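Architecture and fold: a report
Each chain, letter by letter, is given below.
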Amino acid sequence: MIRLQQSKTGTRVVIPVGGPLKAALEALRDKVGQILLNSDGVPWTGFRSSWRKACASAGVVGVTLNTFAGLL
């Protein structure tokens with residue numbers, strides 16, 4: 001499981017993951033600590049902004065982060 005706390009609401013979230021992803025994340029965590037870091041080496045907090053930029057760059061319209069998450 002991936003366990004995190006949302007920065008905006010403070011809500012704790014548990015995300016189930018499969019065995020291969022779990023093994024890969026654990027191997028990374030043992031080597032580097034935090035996994036999602038920005039270019040300055042601090043924990044990454046701008047996913048929504050990055051999502052919008054990636055969609056604009058790819059020409060994707062009418063798809064929000066919530067819509068995409070619902071497809072997974």
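Residues numbered from 1 in each chain as written. Predicted model: local features only at pLDDT ≥ 70, side-chain atom pairs only at ≥ 80, totals over all residues. Heavy atoms only, no water.

Side note on the overall build of the chain
A tally of helices and strands in the chain yields three helices and two strands. For the chain, with 72 residues in total, the buried portion stands at 4%. Residue pairs in contact within the chain that sit at least 24 positions apart in sequence constitute 0% of those at least 6 positions apart. Looking at the chain as shown, the accessible area adds up to about 6,200 Å², and 59% of this sits on carbon and sulfur atoms. (Helix = DSSP H or I, 4+ residues; strand = E, 2+ residues; numbered from the N terminus. Buried < 20%, exposed > 50% of the residue type's maximum accessible area, 1.4 Å probe, protein only. Contact = heavy atoms within 4.5 Å. Areas by Shrake-Rupley, 256 points an atom, 1.4 Å probe, with all protein chains shown as cover.)

A short note on a positive patch on the surface
A contiguous patch of positive charge on the surface is contributed by K8, R48, R52 and K53. Note on placement: R52 falls in helix 2 (residues 47-58). (Patch = residues over 30% accessible without salt bridge, like charges linked within 9 Å, V, L, I, M, F, W, Y side chains within 5 Å. Salt bridge = Lys/Arg side-chain N within 4 Å of Asp/Glu carboxyl O. Lys, Arg positive; Asp, Glu negative; His and termini not counted. Charge placed at Lys NZ, Arg CZ, Asp CG, Glu CD.)

Some remarks on the pairing of strand 1 (residues 2-5)
Inspection of the sheet shows strand 1 paired to strand 2 (residues 12-15) by four bridges, in the antiparallel sense. Across the sheet, the residue bridging to L4 is V13, located in strand 2. Linking strand 1 to strand 2, which pair antiparallel, is a turn of six residues; within it G10 sits at a positive phi near 80°. (Pairing = 2+ DSSP bridges.)

Describing the environment of V17
Summarising the element assignment, V17 is placed in the loop between strand 2 and helix 1 (19-32). Between the C-alpha atoms of V17 and M1, which are 16 residues apart in sequence, the distance is 5.4 Å. The residues contacting V17, other than those within four sequence positions of it, are M1, I2 and K22.

Points about helix 2
Side chains three or four residues apart in an α-helix point the same way, a direct result of the helix having 3.6 residues per turn. In this model, helix 2 (12 residues) spans 16 Å end to end at C-alpha, consistent with the 16 Å of a helix rising 1.5 Å per residue. Positioned one or two residues after helix 2, G59 has a phi angle of 75°, which is positive. (Expected span 1.5 Å × (residues − 1).)

Observations regarding the pattern of salt bridges
All told, the structure shown has one salt bridge when counted by the stated rule. For E26, the salt bridge is made with K22, and the minimal N-O distance between the two is 3.0 Å. In this pair, E26 and K22 are both assigned in helix 1, four residues apart and thus about one turn of the helix distant.

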